[in-house]
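Read off the chains here:
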Amino acid sequence: MSSVFGGIEGGGTQSRAVLVAGDGKILAETEGPSTNHWLVGVDRCIEAINEMVRRAKMEAGLDPNTPLCSLGMSLSGGEQKDAIDSLIAQMKQRFPDLSRHYFITTDAIGAMATASDGGGVVLISGTGSNCKLVNPDGSQIGCGGWGHMMGDEGSAFWISHLAVKTVFDARDNLATPPHDTAHVRKAMEEYFQVSDLMGMLPHLYRNFQKSFFAGFCKKLAEGAAAGDALCKHVFRQAGRVLAKHVEAILPAAQQPLLSGELGLPVLCVGSVWRSWELLKPGFIEVLGQVASCDEVRGRFYGYSLLSLQQSSALGGASLGAQAIGASIAMDYSANAKVFYQHSFSSQQ
């Protein structure tokens, strides 16, 4: 096998694998289930990775028993060193033909490596959420990424939970809902196949599945598109809290990131960004307020939101190659595209 590098994009709901040659040509891509080891366990995680790569090798016409040069993995939940070391050790032991070398980083860093070699902000809103600033000098600072018990603000899970909690609180007269809950309650009962709030308890506790719970977000997006006020409200709140992530890391951003043609580049990753028009009012409101703060006034002139045109598995593959002293040709201009720009000197 000539130099073939593998990459993994590991999400909380689904994952992708890519095989790429040194000249940047993509040889094969495959999909698989969640590879967040905190959610599915180490065994299921590495088995899913092995299966995706094995299928990709066969799809590319390669011998599945010949190891890749390297396998770079961009995984949600991929920050804790001991856990990373354990994952790699078990992959080497259980699947010796998978790859000769391994590299694991977070989903945020893998996404940035796909889009740019000059740094920026990665703002993830999928099943969960995370935010990472990568400065031009390579320094990093993060906000979020703690999972649904301690964070995931602005994610599909968070949006779903906020909507469901609003229904529960209205029923208990604990809090006055900002809008009528009838549509959300009906959608909740249909999605979870329950007839009352008591029926929700197994979904919340004994049979809780984060990715399934987060899937309710799609129904809320449909409700918002149809005009339901509460559905629109929860997405506006999500936009606000996602912007708060950017606010949190902004003071650490180096000036070259802020003064470029794009303003602050924010790479938006995850399925919730498909509902940008619903997030937009809350998002631009918060960053507009931030721009007038003393701490960033005169530095923060605007921002651009970009979306990936390639899987962050490609960035994982590139980082994996770099870890062994190799390189993959990357066309960053084709890998990410601007979908929204905002300047504080002239309102868009």
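Just so we're clear, the structure is a prediction, and the values are computed from it rather than from any experiment.

### Quick notes on the environment of Ser-333
Here is step 1: Tracing the backbone shows Ser-333 in helix α14 (residues 332-335).
Here is step 2: The sequence separation of Ser-333 and Ala-115 amounts to 218 residues, and the corresponding C-alpha distance is 7.7 Å.
Here is step 3: In terms of polar contacts, Ser-333 uses its side chain to reach the side chain of Asp-331, at 2.8 Å.

### Some points on the nonpolar core
Here is step 1: Ranked by internal contacts, the top residues of the largest apolar core, which has 56 residues, are Phe-216, Phe-235, Leu-264, Phe-283 and Phe-300.
Here is step 2: For this core, the element with the most residues is helix α10 (residues 229-249), which contributes 9 residues.
Here is step 3: The residues contacting Phe-300, other than those within four sequence positions of it, are Leu-250, Leu-258, Leu-264, Leu-287, Val-290, Ala-291 and Phe-344.
Here is step 4: Membership of the second largest hydrophobic core comes to 24 residues, among which are Ile-49, Leu-75, Ile-88 and Met-91.

### What to know about the packing of helix α5 (residues 156-171) against helix α6 (residues 182-192)
A pair of packed helices is characterised by two quantities: the angle between their axes and the separation of those axes.
Here is step 1: One way to put it is that α5 packs onto α6 with a least axis distance of 10 Å and a crossing angle of 115 degrees. If you check the angle between α5 and α6, you find them roughly perpendicular. The hand of the α5/α6 crossing is left-handed. Along its contact with α5, which presents Ala-163, Val-164, Val-167 and Arg-171, the element α6 presents Val-184, Arg-185 and Met-188.

### Structural notes on the sheet that holds strand β1 (residues 4-10)
Here is step 1: Across the sheet, which stays open at both edges, the 5 strands sit in the order β3-β2-β1-β4-β5 with mixed pairing between neighbours. Each of the sheet's edge strands pairs with one partner strand only, and the pair in question is β3 (26-33) and β5 (102-106). Between one strand axis and the next, the sheet turns through 15 degrees on average, direction left out of account.
Here is step 2: Sheet topology note: the β1/strand β4 (residues 70-75) ladder contains 6 bridges and is parallel. Each bridged residue has a counterpart across the sheet, and for Gly-7 the counterpart in β4 is Gly-72.

### Some thoughts on the pairing of strand β9 (residues 264-269)
Here is step 1: Counting buried positions along β9 gives 6 out of 6 residues, so the element sits mostly inside the fold.
Here is step 2: Burial along β9 is two-sided: Leu-264, Val-266 and Cys-268 and Pro-265, Leu-267 and Val-269, pointing in opposite directions, are all buried.
Here is step 3: Taken together, the 5 bridges between β9 and strand β10 (residues 302-308) define a ladder with parallel strand orientation. Each residue of the ladder has a partner; that of Leu-264, found in β10, is Tyr-303.

### As for a nonpolar patch on the surface
Here is step 1: Where nonpolar side chains cluster on the molecular surface, the patch consists of Trp-146, Met-149 and Met-150 and spans about 490 Å² of accessible area.
Here is step 2: Structurally, Trp-146 is set in the loop between β8 (140-144) and α5.
Here is step 3: Overall, Trp-146 belongs to the exposed group, its relative accessible area being 67%.

Scoring rules and cut-offs
Residues numbered from 1 in each chain as written. Predicted model: local features only at pLDDT ≥ 70, side-chain atom pairs only at ≥ 80, totals over all residues. Heavy atoms only, no water. Helix = DSSP H or I, 4+ residues; strand = E, 2+ residues; numbered from the N terminus. Polar contact = N/O pair within 3.5 Å; in protein donor to acceptor, adjacent residues only side chain to side chain. Core = buried A, V, L, I, M, F, W, Y, C linked by side-chain atoms within 4.5 Å. Buried < 20%, exposed > 50% of the residue type's maximum accessible area, 1.4 Å probe, protein only. Contact = heavy atoms within 4.5 Å. Axes fitted to C-alpha atoms, helices over the stretch in contact; angles between N-to-C directions. Parallel < 35°, antiparallel > 145°, perpendicular 65-115°, else oblique. Left-handed = near helix turned anticlockwise from the far one by under 90°. Pairing = 2+ DSSP bridges. Patch = residues over 30% accessible without salt bridge, like charges linked within 9 Å, V, L, I, M, F, W, Y side chains within 5 Å. Areas by Shrake-Rupley, 256 points an atom, 1.4 Å probe, with all protein chains shown as cover. Salt bridge = Lys/Arg side-chain N within 4 Å of Asp/Glu carboxyl O.

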